[in-house]
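Chains, contacts and geometry: an overview
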Amino acid sequence: MATSPTAATADPAASNLDRLTLRGSHAAIIGMQWGDEGKGQITDVLTQKFDLVVRYNGGANAGHTVLIGEQKFALHLVPSGILNPKAINVVGNGVVIDPEAILSEIQGLRERGVVIGPNLLISDRAHVVLPYHKVQDRLLEQALNQGRGGGEMIGTTGRGIGPCYADKALRGTAVRMGELLDLPALRDKLRHIVDVKNHMLGALASGYGQAFEPFDAEAIYQQCAAWSQQLGAHIRDTTDLLHNAMESGKRILFEGANACLLDVDHGTYPFVTSSNCSSLGIYAGSAVPGGRVGDIIGVVKMYTSRVGGGPMPTELHDATGEQIRQTGHEFGTTTGRPRRCGWLDLVAVRYAARLSGCTGIAATGLSVLAGLPELKICVGYRYKGRDLPSFPADANVLKQVEPVYEALPGFGRPVAECTSFGELPGPAQTYIKRVEAFVGVPVILACVGRRRDQILVR
Ligand code: IMP
């Protein structure tokens, strides 16, 4: 029988975190690299200090792994606060929701003893990912790839994220979660949308010699009707809810999905996802005004990983890269794809920290580095023989930069059993100090393993 994760509220991590001082009532946790920094672990533990946990961007492309005792929870759409029985979890308006995905996640969590009811609320303004979005994702990638003669693909997760956000911007072809509550109107609307989609996708597919099975509007409507039944009780005006919560002094934690360098405006465009994953997305994606969030905790993995296409200056194609991948279990939570691995890129992290107004760093992945004899960190980029003054906007430039490395000694011994910063091996402390000096933000938390009790508070 599943052990209830509620027992974890009494674990040692809770008392550790009592020592963490936050500036304001509301905080955010954001990945400072290309994702998979270990945000879920930090969020899960920090939720104990907050009344609400809010997702504001992304969709089922995100994967947050949380380990409680021996139990591993892979969360995609449900906020990590669901594992804290006292937190209200809000999926904000900026998220794109695949109802099928969130329902199977809810079911999986319930089977493992997690209680889900009024503690999970979904914005009526969030957009719905529909089956044709996933087909559109695949057809577009294939078409573009063929058009480019096999050029570099974005490598989407295939979850329909980009097409759903594109429909949001197009407006006429979009469906919001609130519309699942007005089925007669939705049935009518879907007839038109599905007709348009069939024309568009059919033409795209035939132009590129791809197979395409037209969608049946009535079948999609029937699916929506079932989702309405199953999710209806969770859908509500979360904008009003969050405004009221703030007015009544409740504390809110914002959980960023994906990561800063995948931000659609500020990341390594076009090799990004389709939402604002930096802290800049919080405001539009949850309806909380700027300036209210006093603590922006940037999660930085002490090496780099990336899934999918796009530039990654510090990528390692050698045995060290493979060792990091194996030791760090660097395989996608959402797609299972092996992640590209490399040294810590502080130029990219400093850019992400500035962009997000990061007030404190949570350092993860230290235990993965512990087995390496010598470590490198990237402290500059050289492009065509010159030092670049900043993080370039052009992915083609970033692709060609040569990283400037600083070498640091290996940690010399494992870190997994350390219970305080002071117990970390000297070289690990030096490494952390170099990170904060370069980025200009203090390291306030460090993870020496994936368990709740392996988070050290400075
Ligand atoms: P999409 O979000 O599925 O369109 O994927 C766009 C790009 O972002 C691909 O390279 C994905 O691998 C990457 N990506 C999206 N979400 C995540 C994430 O949560 N972690 C890591 N990479 C992601």
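Residues numbered from 1 in each chain as written. Predicted model: local features only at pLDDT ≥ 70, side-chain atom pairs only at ≥ 80, totals over all residues. Heavy atoms only, no water.

1. Regarding the pattern of salt bridges
Under the counting rule described, the total for this entry stands at 18 salt bridges. One salt bridge in this structure joins Arg 339 and Asp 36, with 3.3 Å as the shortest N-O distance. In this pair, Arg 339 is assigned in the loop between α10 (319-327) and β13 (340-342) and Asp 36 in the loop between β1 (26-31) and α2 (39-46), connecting sequence segments 303 residues apart. Measuring nitrogen to oxygen at the nearest pair gives 2.7 Å for the salt bridge that ties Glu 218 to Arg 187. Taken together, the residues Glu 218 in helix α7 (residues 217-231) and Arg 187 in helix α6 (residues 183-207) connect sequence positions 31 residues apart. Salt bridges sharing partners connect three or more residues here, namely Asp 36, Lys 301, Glu 330 and Arg 339. (Salt bridge = Lys/Arg side-chain N within 4 Å of Asp/Glu carboxyl O. Helix = DSSP H or I, 4+ residues; strand = E, 2+ residues; numbered from the N terminus.)

2. Section: the site of the ligand
Every one of the 16 residues lining the ligand counts as a neighbour, but Asn 61, Thr 157, Asn 258, Thr 273 and Arg 337 are closest to it. The contact in question runs from an oxygen atom of the ligand to an N or O atom on the side chain of Thr 157, over 2.6 Å. In isolation the ligand exposes 470 Å². Once the protein is present, 96% of that is buried. For the shell around the ligand, the class distribution of residues is six nonpolar, eight polar and two charged. The residues that make up the shell around the ligand include at least three from each of domain 1 (5-124 + 237-457) and domain 2 (127-235). (Near = heavy atom within 4 Å. Polar contact = N/O pair within 3.5 Å; in protein donor to acceptor, adjacent residues only side chain to side chain. Areas by Shrake-Rupley, 256 points an atom, 1.4 Å probe, with all protein chains shown as cover. Nonpolar A, V, L, I, M, F, W, Y, C, P; charged D, E, K, R; others polar. Domains from an automatic or database assignment.)

3. So, the sheet that holds strand β9 (residues 235-236)
Whenever strands of a sheet pair, they do so through backbone hydrogen bonds, lying parallel or antiparallel. The strand order β9-β7-β5-β2-β10-β1-β11-β15-β19-β20 describes an open sheet built from ten strands, whose pairing is mixed. Each having just a single partner strand, β9 and β20 (455-457) make up the two edges of the open sheet. Strand direction decides the pairing type here: strand β7 (residues 120-123) and β9, joined by two bridges, are parallel. Note on β9: the bridge partner recorded for Ser 123 is Arg 236. (Pairing = 2+ DSSP bridges.)

4. Topic: the side chain of Glu 315
Positionally, Glu 315 belongs in the loop between β12 (304-306) and α10. Of note is the side chain of Glu 315, whose polar atom sits 3.0 Å from the side chain of Arg 340.

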